[in-house]
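Structural overview
For reference, the chains in residue letters:
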Amino acid sequence: MSEEASAGSASESQASQASQASQASQASAGGEAIDEVLAANNPDSKKRKYPEPGFPTERSGAVGKKGSYPVGFKLKAVAFTRVVCEDGKPVGNSGAAKVLDVPRRRIVEWVRDEESLRANVSANPKLSKAKQIHAGGKASTADIEEALVEFINDQRKHHVGCEEALAFKSKFKSWYQRFRKRNKFNIRRRTSVGQKLPKGHEGMAWATLMKLRKALLERAGEIYAQRYPPAPGESPIRGEDLSSSQLELVTDELFEELGNMDQTPVQHERDAGGKEKERFTLCLAVSADGKKVPLRIIFKGTPFVPPATPGKGKATQPRKNSIAWEVLPANRSKHGLPVEGMSFGVQEKSWCDLRECKLWIKGSWKLRPNNGSIVRQRRCILVLDDFKCHKDDGFIAALKREANTIVIFIPGGLTPLLQLLDRMLNKQMKRLLRVMYTAHTAKAARAPKTGKLAPPGRGAVATWCKNAWASITPETVKTCFKICGLTLALDGSEDHAWCLHNFGDGYRELLEQQRVEWLAEHPNVTLPPLQLPKVPAESTANHIEAAAKELEAELLPRGDDSDIEIEDDDSDVEVVEGAGDEEVIEL
């Protein structure tokens, strides 16, 4: 009984295993059929199989398919379009675009330009890494440009400026830059006074000279009374009552007490990327007798301001090895700076601010020739422009208190006419400095790694300035004073020649008309009587005009200002652009 039961259970288990196996085989067969059906309906199964390109996609710039591709990659992509696939057909433009992930239109363009790309790369293998190839091509205006170049060179031979016509900054800027590079031109222009004279400047200039003359005549009467005291009971003669012969007796001493002062920025540049610039400011002053005041040079740096009340933790000396420390009298010789004959200043922008103006009084003006003594300064009249620091009450009071100096101001806009430093001597200083700078660059060594020129040190620059200032003769200074009208004869004998030179014929009617118009605009103001120049009975050559021409030829020779580059904020000059490879000094 038990054996039959066991046999039955074994047969049942075998049967169940067989049924499970058959079900599994059926399921497997059904899965393969499903895979075959899905494969038949899958569109990807119909895509061609492309070979691997064997090189990566080189793209730079925008994200995605947009961007720039080097020329070498373009040629590889063109060659990949001809590779044969498994079906015996080439990859083609569309296939290459899919595999390389590049827009199809790019592939089409590369295939079209294949010959020119290969020709350029074979001529210059370095172009394979370039994104684009510019063949260059001849300018469409080649004939006109050749004639223009010939014209410019011909004008330069005769020292005639003509490059102003090329400054097409707005409409033809692109052509203008390419034309200069193709022909290696840089704009050459003589410096000139950049400030335009205002409307009605004739009346303002003449009134300023009459104001100065009034002060000079008053001082002339004091000097004459000191030399020739009046008899007891007689009142001293006034300056305006002195005769021509009496005025000649005191003119030399009087002009020793007349001065003029101005600041001018100077900048020299090294051709090392266009950013290596060294700027400083010169403070120049002269006397009407031809003597020069010790100049002051202001370097760029952090100035040292002594504390008002010394105490613990407050520095009483500049930081060691700073520019302010170098220019101290005890340290000048160590750094090649002149010990005597000039003073130094330091300012954040190398400009003459109010603090530097006050320091100029102590460092330069009080040491002027014929100053009397440091303790008791000789009386002086200083002619200044309308720079805001000059008109500061503190500066004017310091001049009166420390240097016994009164100030006569030149109205705004008249410095090109009445300011002799601004009109003449500043240019002469810059021309002399440019000659010295050019000589330095010819001998300066270049750094072996960068190839940059060794810049001149502050000691060399200061020495150049001192030597240039010393080279200006007293006769030149006297002539400049005369041309600007500051030292005209006190009896008025030179007034007609000066007005004729600066205002032209008919100046008398012009001065009268401007006076009437000014009074009509200011009805509540009373002016002193108009003092018109005396017209000489006999017409002679204008000695003021002759002196001006002779001085201009001496100070500004036409051939020496051909390579000047200057900065935008210099009121003494016009802006000039240059594209030369040599070092320049911007003046």
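Please refer to the structure placed before this passage.
The structure displayed is predicted, hence computed values, not measured ones.

**Observations concerning a nonpolar patch on the surface**
On the surface, a cluster of nonpolar side chains totalling about 320 Å² of accessible area is made up of L367, I374 and V375. Looking at the element boundaries, V375 is found in the loop between α11 (354-363) and β5 (380-384). Of the residues examined, V375 reaches a relative accessible area of 82% and is grouped as exposed.

**Concerning the layout of surface pockets**
Estimates place the volume of the largest pocket at around 1,300 Å³. Taken together, 38 residues make up the lining of the largest pocket; nearest its centre are G203, W206, A207, M210 and L530. Here the element with the most residues in the lining of the largest pocket is helix α8 (residues 201-227); it accounts for ten residues. Across the lining of the largest pocket, the residue classes tally to 18 nonpolar, nine polar and eleven charged.

**Some details on the packing of aromatic side chains**
The final tally for this structure, using the stated rule, is twelve aromatic pairs. Aromatic side chains Y69 and F73 sit 5.6 Å apart centroid to centroid with 20° between the ring planes, which places their arrangement in the stacked category. Taking 5.3 Å as the distance between ring centres and 70° as the angle between the ring planes, the aromatic pair formed by Y69 and W110 counts as edge-to-face. With a gap of 41 residues between them, Y69 in the loop between α1 (2-41) and α2 (71-80) and W110 in helix α4 (residues 104-112) connect regions that are remote in the sequence. Relative accessible area serves as the criterion here: at 2%, Y69 is assigned to the buried category. Taking relative accessible area as the criterion, W110 reaches 5% and is therefore assigned buried. Here the aromatic cluster, defined as three or more aromatic residues joined through ring pairs, consists of F55, Y69, F73, F80 and W110. A cation over an aromatic ring shows up here: R368 above the ring of W365, its NZ or CZ 4.6 Å from the ring centre.

**Things to note about the pattern of salt bridges**
Side chains that carry opposite charge are capable of pairing whenever their charged atoms lie near each other. Considering all chains together, one arrives at 21 salt bridges under this definition. Ionic pairing is found between R379 and E222, a salt bridge with its closest N-O pair at 2.8 Å. In this pair, R379 is assigned in the loop between α11 and β5 and E222 in helix α8, connecting sequence segments 157 residues apart. A salt bridge links E256 to R378; the shortest N-O distance between them is 3.0 Å. A residue pair is termed long-range when its members are at least 10 positions apart, and E256 in the loop between α9 (244-255) and β1 (258-269) and R378 in the loop between α11 and β5 qualify at 122 residues. Since its relative accessible area comes to 25%, E256 is described here as partly exposed. Residues joined in a network through salt bridges with shared partners are R219, E222, R227, E253, E256, E257, R378 and R379.

**Considerations on the nonpolar core**
Of all hydrophobic cores here, the largest spans 73 residues; its most connected members are L282, I297 and W498. With 20 residues, the next largest nonpolar core counts A285, V293, C352 and F387 among its residues.

**A few points about the pairing of strand β3 (residues 295-300)**
With five of its six residues buried, β3 lies for the most part within the structure. Here β3 pairs with strand β4 (residues 342-347) via six bridges, running parallel. Across the sheet, residue I298 finds its bridge partner in β4, namely G345.

Rules behind the numbers
Residues numbered from 1 in each chain as written. Predicted model: local features only at pLDDT ≥ 70, side-chain atom pairs only at ≥ 80, totals over all residues. Heavy atoms only, no water. Patch = residues over 30% accessible without salt bridge, like charges linked within 9 Å, V, L, I, M, F, W, Y side chains within 5 Å. Areas by Shrake-Rupley, 256 points an atom, 1.4 Å probe, with all protein chains shown as cover. Salt bridge = Lys/Arg side-chain N within 4 Å of Asp/Glu carboxyl O. Helix = DSSP H or I, 4+ residues; strand = E, 2+ residues; numbered from the N terminus. Buried < 20%, exposed > 50% of the residue type's maximum accessible area, 1.4 Å probe, protein only. 1 Å grid on protein atoms, 1.4 Å probe; cavity = no way out; pocket = protein on both sides within 12 Å on 5 of 7 lines; lining within 4 Å. Points joined across faces, edges and corners; volume = space filled by probe spheres on them. Nonpolar A, V, L, I, M, F, W, Y, C, P; charged D, E, K, R; others polar. Phe/Tyr/Trp six-rings, centres within 6.5 Å; stacked < 30°, edge-to-face > 60°. Lys NZ or Arg CZ within 6 Å of the ring centre and 35° of its normal. Core = buried A, V, L, I, M, F, W, Y, C linked by side-chain atoms within 4.5 Å. Pairing = 2+ DSSP bridges.

Everything listed here is a matter of geometry and, on its own, says nothing about what the molecule does.
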